[in-house]
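Spelled out from the first residue to the last, the chains are:
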Amino acid sequence: DSGVTQTPKHLITATGQRVTLRCSPRSGDLSVYWYQQSLDQGLQFLIQYYNGEERAKGNILERFSAQQFPDLHSELNLSSLELGDSALYFCASSAAGGDTGELFFGEGSRLTVL
Amino acid sequence: SQELEQSPQSLIVQEGKNLTINCTSSKTLYGLYWYKQKYGEGLIFLMMLQKGGEEKSHEKITAKLDEKKQQSSLHITASQPSHAGIYLCRSYNTDKLIFGTGTRLQVFP
């Protein structure tokens, strides 16, 4: 158990819809990272938050947004969903703000867009 | 930007065989993390290599970092079905969070 909790574990929705994925980092970790993993794209970094502020941005689509709340949990919002958004979305946390520390990953949220 | 290329992309081995997975960086490699992912599950941290020439072992898995070659190798001795999964490398101390392309390992009895 990494200590990182993601909900929901599975989500099935239709194209055009909007969903929210939630992540609770390990106790004490200030950084939260979001990743997308699809079969043909590997693991893609989306965005990082550190103590409530956006720290780094990767290949995140404009239809996607994220935020980190004062209690340090984070949410990833995916809107106007397309079939290609079907993927496993991972959240990871680390104690530090930089990317040299060890990341602890959640079990992921599997999104299926029909 | 830095890229991490893993080879092979996919590997199928018989139980008991040894195997090696490579992670090659397009830029100077200061250090590296290795992770394992069971299909459809989260990533599990295996080990971190910080210095050139460093070698670490965890159970039957050994990883080395070759700074000159800008490469790290992960070696599994006497593979078991429990070793099956996706192995990913991640670079250390870069301006972006970069993962390798991944190596899918299958071990059959």
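Bear in mind the structure is a predicted one, so any value in this text is a computation, not a measurement.

Here, disulfide denotes a covalent bond that connects the sulfur atoms of two cysteines. Going through the model one piece at a time under the given rule, you end up with two disulfides over all chains. Disulfide pairing places Cys23 of chain A opposite Cys91 of chain A at an S-S distance of 1.7 Å. Judged by the sign of its S-S torsion, about -50 degrees, the bond between Cys23 of chain A and Cys91 of chain A is left-handed. Placement of the pair is Cys23 of chain A in strand β3 (residues 19–24) and Cys91 of chain A in strand β9 (residues 87–94), with a sequence separation of 68 residues. Assessed through its relative accessible area of 0%, Cys91 of chain A is described here as buried. Cys23 of chain B shares a disulfide with Cys89 of chain B; S-S distance 2.0 Å.

Glancing now at the packing of aromatic side chains. Taken as a whole, this structure holds eleven aromatic pairs over all chains when the rule is applied. Taken together, a centroid distance of 6.4 Å and an interplanar angle of 75 degrees make the contact between Phe64 of chain A and Tyr89 of chain A edge-to-face. With Phe64 of chain A in strand β7 (residues 64–68) and Tyr89 of chain A in strand β9, the pair connects residues that are 25 residues apart, well separated along the chain. Between Phe105 of chain A and Phe99 of chain B, the aromatic rings sit 6.0 Å apart at their centres with planes inclined by 70 degrees, giving edge-to-face as the arrangement. Linking Phe105 of chain A in strand β10 (residues 104–105) with Phe99 of chain B in the loop between β9 (85–91) and β10 (103–108), this pair reaches from one chain into another.

About the criteria used
- Residues numbered from 1 in each chain as written.
- Chains lettered and ligands numbered in written order.
- Predicted model: local features only at pLDDT ≥ 70, side-chain atom pairs only at ≥ 80, totals over all residues.
- Heavy atoms only, no water.
- Disulfide = S-S within 2.5 Å.
- Helix = DSSP H or I, 4+ residues; strand = E, 2+ residues; numbered from the N terminus.
- Buried < 20%, exposed > 50% of the residue type's maximum accessible area, 1.4 Å probe, protein only.
- Phe/Tyr/Trp six-rings, centres within 6.5 Å; stacked < 30°, edge-to-face > 60°.

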